[in-house]
Structures are given as structure tokens and as C-alpha cells.
Amino acid sequence: MLYPPPVFLKAENVTRSFGVRRIFGPLSFEVAPGTVFGIAGRNGAGKTTLIKMLAGLIRPTSGRVLVASSREPGAALLSPRDTPLALGWAAPDLALYGELTPAENLAFFAKVRGEDDSPKRIDAKIERVGLDPKRLASVETRFLSTGMRQRLKLAFATLSEPTVLFLDEPSSNLDEAGRAIVAKVVAEQRRGGTVLIASNDTRDLGLADEVMTL
Amino acid sequence: MSRPSVLSSSIAVFQKDLRSEWRTRTAVSALLLFAFAVLILVGYAVGPANISREDRPVVHSVLLWIVIFFSAMTGLSRVFVHEEESGTAAALRLSAPSAAIYLGKLLANLALLALVLLFVVPLFLALMSFSIACWPLFLLVLLLGSIGLAAASTFTAAIVSKASAKGAMFAVLAIPLLLPPLVAAVSGTRIAATESGIAAGLDILQLLLAYDGVVTTAAFLLFDAVFRE
Amino acid sequence: MGGLRILLQWFLGLVMVVIIWGAFLWARAAANFVGQSSRIVFFHVPQAWVAFLAFLVAAIHSGLYLKNRRIENDEAAAGAARLGIVFCVLATITGSIFAKVMWNSYWNWDPRETSIVLLLLVYGAYLGLRGAVEEPERRATLSAAYALAAFVTVPFLMFAVPRLYSSLHPDTVINARGKVEMSTDIRVVFFSSIAAFTALFFWLYSLDRKVSRIVREAARRQEQEFAA
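Since the model is a prediction, treat every value here as computed from it, not as a measurement.

**Digging into the overall build of chain C**
- For chain C, the helix and strand inventory stands at 7 helices and 0 strands.
- Tracing chain C from N to C terminus, the helices and strands come up as α-α-α-α-α-α-α.
- Taking the intrachain contacts of chain C between residues at least 6 apart in sequence as the baseline, contacts between residues at least 24 apart amount to 76%.
- Element-wise, carbon and sulfur atoms account for 68% of the exposed surface of chain C, whose accessible area totals about 11,800 Å².

**Topic: unusual backbone geometry**
All names here are of chain B.
- Positive phi is not limited to glycine here, since Ser 129 has a value of about 50°.
- With respect to the helices, strands and loops of the structure, Ser 129 is situated in the loop between helix 6 (98–128) and helix 7 (135–160).
- Among the residues examined, Ser 129 registers a relative accessible area of 45% and is labelled partly exposed.

**Considering the sheet that holds strand 7 (residues 164–168) of chain A**
Residue and element names in this part refer to chain A.
- Strand order in this open sheet of 5 strands is 6-7-8-3-9, and the pairing throughout is parallel. Either end of the sheet is taken by a strand with one partner, and the two such strands are strand 6 (87–90) and strand 9 (210–213). Neighbour-to-neighbour, the strand axes of the sheet open up by a mean angle of 15°, direction not taken into account.
- Taken strand by strand, helix 1 (residues 47–54) contacts strand 3 (36–40), strand 6, strand 7, strand 8 (194–198) and strand 9, and its axis lies near 160° from that of strand 7.
- In the packing of helix 4 (residues 146–157) onto the sheet, contacts are made with strand 6 and strand 7, and the angle to strand 6 comes to roughly 170°.

**Here we look at the confidence of the model for chain C**
Residues and elements named next belong to chain C.
- When pLDDT is averaged along chain C, the result is 85, and 89% of the positions lie at 70 or above.
- Summarising per-element confidence for chain C, the mean pLDDT is lowest in helix 6 (residues 155–160) (76) and highest in helix 5 (residues 136–153) (94).
- A low-confidence stretch, residues 173–179 stays under pLDDT 50, and its non-local contacts, those more than four residues away or across chains, total 10 contacts.

**Digging into the packing of helix 6 of chain B against helix 9 (residues 202–227) of chain B**
Residue and element names in this part refer to chain B.
- Look at helix 6 against helix 9: their axes get within 9 Å of each other, and the N-to-C directions meet at 120°. On the basis of their axis angle, the class for helix 6 and helix 9 is oblique. The two elements helix 6 and helix 9 cross, and the hand of that crossing is right-handed. Between helix 6 and helix 9, the contacting residues are Ser 98, Ala 99, Ile 101, Tyr 102, Leu 103 and Leu 106 on the first element and Thr 216, Ala 219, Phe 220, Phe 223, Asp 224 and Phe 227 on the second.
- Partitioned by chemical class, the residues of the contact of helix 6 with helix 9 number 9 nonpolar, 2 polar and 1 charged.

**Describing a nonpolar patch on the surface**
Residues and elements named next belong to chain C.
- A cluster of nonpolar side chains, Phe 11, Leu 14, Val 18, Ile 20, Trp 21, Phe 24, Leu 25, Trp 26 and Val 188, forms an exposed patch at the surface whose accessible area comes to about 970 Å².
- Element by element, the count of residues in the nonpolar patch is highest for helix 1 (residues 2–26), at 8 residues.
- In this structure Trp 26 comes out as partly exposed when scored by relative accessible area, which is 44%.

**Section: the interface of chain C and chain B**
- Between chain C and chain B, the residue contacts involve 29 residues of the former and 29 residues of the latter.
- Overall, the association of chain C and chain B removes approximately 2,600 Å² of surface from exposure, summing both partners, and the carbon and sulfur fraction of that is 79%.
- Across the contact surface, chain C and chain B share 1 salt bridge.
- For Arg69(C), the salt bridge goes to Glu229(B), with nearest N and O atoms at 3.9 Å.
- Across the chain C-chain B interface, the total number found is 5 residue pairs in polar contact (both at pLDDT 80 or more).
- The element contributing the most residues to the side of chain C that touches chain B is helix 5 of chain C, with 11 residues.
- Looking at the side of chain C that touches chain B residue by residue, the classes come out as 22 nonpolar, 3 polar and 4 charged.

**Details of the packing of aromatic side chains**
- Counted under the stated rule, the structure contains 25 aromatic pairs over all chains.
- Each ring, one from Phe69(B) and one from Phe70(B), has its centre 4.9 Å from the other, and the planes form 80°; the classification is edge-to-face.
- Phe70(B) sits in the partly exposed class, given a relative accessible area of 38%.
- Seen from their ring centres, Phe24(C) and Phe43(C) are 5.8 Å apart, and the 25° between their planes marks the pair as stacked. Within this pair, whereas Phe24(C) is found in helix 1, its partner Phe43(C) is found in helix 2 (residues 41–68), the two being separated by 19 residues in sequence.
- Taken together, the aromatic side chains of Phe80(B), Tyr102(B), Phe220(B), Phe223(B) and Phe227(B) make up a single cluster linked through ring pairs.
- Above the face of the Trp22(B) ring, Arg25(B) is positioned so that its terminal group lies 4.3 Å from the ring centre.
- A cation over a ring is seen here: Lys162(B) above Phe227(B), with NZ or CZ 5.3 Å from the ring centre.

**Considerations on the sheet that holds strand 5 (residues 77–78) of chain A**
All names here are of chain A.
- Pairing in this open sheet of 4 strands is antiparallel, and the strands run 2-1-4-5 from one edge to the other. The open sheet has two free edges, formed respectively by strand 2 (21–31) and strand 5, since each of these has just one partner strand.
- Two strands pair when backbone bridges link them, and strand 1 (residues 9–18) and strand 4 (residues 62–68) are joined in this way by 5 bridges, in the antiparallel orientation. Note that in strand 4 the partner of Thr 15 across the bridge is Ser 62.
- With respect to the sheet, helix 1 is in contact with strand 1, strand 2 and strand 4, its orientation differing from that of strand 1 by roughly 130°.

Each value, and the rule that gives it
- Residues numbered from 1 in each chain as written.
- Chains lettered and ligands numbered in written order.
- Predicted model: local features only at pLDDT ≥ 70, side-chain atom pairs only at ≥ 80, totals over all residues.
- Heavy atoms only, no water.
- Helix = DSSP H or I, 4+ residues; strand = E, 2+ residues; numbered from the N terminus.
- Contact = heavy atoms within 4.5 Å.
- Areas by Shrake-Rupley, 256 points an atom, 1.4 Å probe, with all protein chains shown as cover.
- Buried < 20%, exposed > 50% of the residue type's maximum accessible area, 1.4 Å probe, protein only.
- Pairing = 2+ DSSP bridges.
- Axes fitted to C-alpha atoms, helices over the stretch in contact; angles between N-to-C directions.
- pLDDT = per-residue confidence, 0-100.
- Parallel < 35°, antiparallel > 145°, perpendicular 65-115°, else oblique.
- Left-handed = near helix turned anticlockwise from the far one by under 90°.
- Nonpolar A, V, L, I, M, F, W, Y, C, P; charged D, E, K, R; others polar.
- Patch = residues over 30% accessible without salt bridge, like charges linked within 9 Å, V, L, I, M, F, W, Y side chains within 5 Å.
- Salt bridge = Lys/Arg side-chain N within 4 Å of Asp/Glu carboxyl O.
- Buried area = accessible area lost by both parts, 1.4 Å probe.
- Polar contact = N/O pair within 3.5 Å; in protein donor to acceptor, adjacent residues only side chain to side chain.
- Phe/Tyr/Trp six-rings, centres within 6.5 Å; stacked < 30°, edge-to-face > 60°.
- Lys NZ or Arg CZ within 6 Å of the ring centre and 35° of its normal.

Next up, the structure:
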């Protein structure tokens, strides 16, 4: 085994408190490349808070989180806040722009990140999550069904081939075909990357190699 | 992964906001309807003839900026409040550097404000028979005043989008920051209505320029902490 | 430490008594002022000074919070702002009384009157914002950013307003010629009062810090008991 082991995500004694009320922690763990890490726990245990903290969307009350800045072996570990573009994120409280079409949404995020926003690449991303780019070409996202929007979120999360993909309740509102898409996205991401799944759904957690219960 | 430049990212944010706004026209219609209602009210209640000739420059300058300011308060917070309420703020945060987001949103608000000014100013001048003696000064005061207004409002919008009671808080937080440039802009407008040369208003222009510089710099520096909270 | 503190507290109380005595009985009323009205300067100016000082303290702690993310700095900034608003109100009221006696109107939109009102608005907005954010860390970040933004924009009013209204306000402390023009008795009481009000502010401020510490500690213990 290599030492130090290649790590894509590392949490060191992270805690989160609301005022003086501690929600969870201290927690320490590491996630190696190619691993799918599950976070389970009853409602209110802090799954969403933890996964948001790992993605740098909220600050830990104490302790720190480090994520790989690129997929290269031996890439620097940085605070997720300093390398947001290396992270993929999909969650129930995330939304894409309702007034834009799915393709416009993905093209906007590609452009803002300085990536290729050509229709060819964007359409391929939309197809990858099982949506038909031609049929949705002139449909604004707010008129899509919740399941279709959930698929679009997966396309957004994997847009830039992130080092770490964070999925909070990835199968919510998805049918069987949608669940297959989640499984496919997770399988693709673990090739050279890492996936974190926070969920109560046993089938979501079944995709994980290792499950931590809060 | 190539690092995008702040400028190109901010332009992408700006274009995205314009496109969203064009599809719904929520902010534009709120701003213009509000401005129109206030103009009608002011025009009817004060009118051109109810004030003595020598009082007109002062009263009209104050009223003009009140209309502009309160119209701005109805629409300029949307750039961030809408992102936060609809849940898109996190996606934006994971995609663009804070500086680019502030700049893009500032441009969007400036565009919105420019539209309001194009609508309000000619109508106001006509309705109130408000004559301007020095057009260059008047236009510069409008330009510098609205840059300050947009820069401070955009920053305040980012703060209120993370607080509760967003609508009420926006004006409460913006007024103390905006009182200095508004007072200066009112004096500048009054001078433009009475003096024919630009020289009389130079110190006002300096003051507005300095304010714009300071508030934009401060907002740039503080915005990252606010937006990533 | 505790003994020295109590001694200083009593000393401050004694100094305040002497200043009140000096202000009303020892110092002469200044010429050019209506009747005895000049005596209010011994209280009004120190209050206004403390109102600005509190703003400075709040801004410094806000900056420190954004740098170090220590909740103590946030509590300190909020404490300074709460005290600042009290002194701001006092300065506004005493100023108004003086204006009524001197210029026969409670309010003249004098540049200094306007700036104290702006300060009142800033304090109000700052505390209002704190009330509108539930989560402590978010509240701390947002209010610190706001306090700093206000700190750099408020001074502009001092330059903007004199262009609209000319000042009636007497030269404070140092006049346009850069000289202190006060008779010795007035000067002694005036500067002692400034010093005493500054000390009063820091004493109240230290009490406020102590209260925050106790509240935080009590909440922490309660939480531990709850967890156990």
C-alpha cells in the first residue's frame, strides 16, 4: 500500500454546532479515489449539514475538510472553498435556473467555469442522464417534471468531471429508469473520482462501498 | 481545468441574468410600474405650477431622486434574493469566483437602473416642467449617482438574501449606506438646474466619484464573505 | 484584579460627580451663548464622541471577526453597537435641547445633526439585521460585513451635507484656526468630561463583555447537561 495513501477527501475532527447546540462531531475520516462513501442517519442527525460542509457550502464550527484539487495522482488537498470547481453537487434544495432551458443552464455553468459550452458537449451531457436534448430544446426548466429536474441536477453535478461528487438524496423523485441513471453516474464517477452519498434510501446506500451512520 | 477569467465569468453571469429577466420580466415590470405610479402621484400632487419658481430646482431635484431611489429599492434586491429563494445560489457559488458574481450582478443592476432612468427622467422633466441649465453636469450626476446606488444596493441585496424579512430589511440596510450619495446627487441636480457652467458642480462630481470608488472597492472585498456564508 | 476594578469603579463615580459639580457650579457660562446653555457642551460633546467611538470599536471587532471567525469578536461588536445607540440617542436629545435654546428650533439639519442621525440609522439597521438572522455564525458574518461597509460610507455624509445646509453648530473643541478657544475653567471640565465619558463607555462595555461570556458559558453548561 502506498503511504501516505492517496486520498480525495479528508475530514479532520469536524463538528457543527448551532449556537452552543452541537449537531454532530467530532468526525474524522478519509475517502480514497474510486470509493463510494455513504452517509446514513435518522432524520435530523445532520446528514445534509455534513455533506454541505464537506462540499464547502457551510463552514465547520471546528475542524477542517480537505479535498483533492484535481484527479491527477498526488494532487494538492485544499479546502473545498478554495477549489469549488473540482466539486460536483446535487441536493434536494439545489435548483437550476427555472427560466432557462436545460441546455442553457448547462451552457451557462460551463461558460462561467471557463469550459467548452458548445451545443455538442452540452447535448451529450443531457443525453447522459437519459433526457432528450432535442425534445427539451425550447422547454424552460421550470416546466419540467421534478424527476426530470432531478436528472438535470445530476448532469449539472457531473458537468466538469469533478474529483468528488456529492449527492444528497440522489434518488428522490426518481422512477426505476432514473435510479438506473444514478447508478450509472456513480459508476462513471468512481473511475478516477470519488462519490459521497447522503441518504436514507437503502438502495442509494447500496451503491456505497462503505457507510458511516451519524 | 483552466481557470476562467473574472471578466468573462462576470459577463456570463450578466448575460444569464438578462436572459432570465427577459423571460419573466418580474424585476423590470415591478420597477417600471412602481416608478410610473410614483411619477403620477408626484406629478398630480406637486405638479409644475404649485411651487414658486425659485423653489423649483430644490423641490424637483429632491423628488426626482426620491422616485429613482424608491424605484431602485423595489427591484434591485432581486438579483440575489431570487437566487437564494429559488435554490440556485449554491450552484452559482460552486461555479464562479465571488468577484465575478458581484461584478456580473452589479452590471445587471446597472442595466436595470439605466432602464428605469431612461423611463423616469424624461417623463419627470416633462411632467414637472423641470428645466436643466447644464446638461453635462446633470447627466454626469445621474451616471455617478446611479453607479453608487447600484454598487451599494447590489452589496446590500447579497446581505438581505441571507436574512429573513428580506423585503423590509433591504431598504432599512440600504438607506444609511446611500444617504451620502443621495444628498450629493440632490445638490448636484439642483446646481445643474440653476447654474449653466459645469464648474459649480465639480466638487459634487468629485464626491460622487470618490463614493463610487470606495463603495465598489469595499463591496468587492466584503462580498466574498457574505456570499459564501 | 477585582479589588482594583472596584476601586476604579468608585473613582469613576467620584470623577463624574465632580464633573457635574464643575459643569454647573464652577465653570462660568461661555459668552456668545444664550443664558446658561453653553453648559450642555460638557455632556453633549462627550456623548457624541462616545457614539462615534463605539462605532469605531464595533468596526474594529467586525474586521477581526471576518479575519479570525471568533464569535467573541462578534459579541464585542454587537455590544459596542448597543452602547453606541444609547449614547447616540443621548447626544441627539441634548443637541436638540441646545438647538432649541440657541436657535429656537429643535432641529435645523445642521451637518452634525444629520451625521448623528445617520449614525443612529446605521446602528438601527445593524441591530435590525442581527435580529433578522437566526444562525449565529451567519448573523456574525453578515452584520460584520455590513458594519464595515457602513464604516467606509458614513464619513461621506460629512462632506456631502455642508453643501446643502450651512452649519450653525458651534466649533467643537478646535475651531477653524486650529486653536482651542476656551477659558481655562471650561477647558478643564470639558476635557475631564471627555475622559470620564470614555472611561464610562469602556466600563459599561467591559460589563457587556462579561455578560456575554457568562451567557455563553451558561448555555454551554446547559448543553453539556442536556447531552449527558
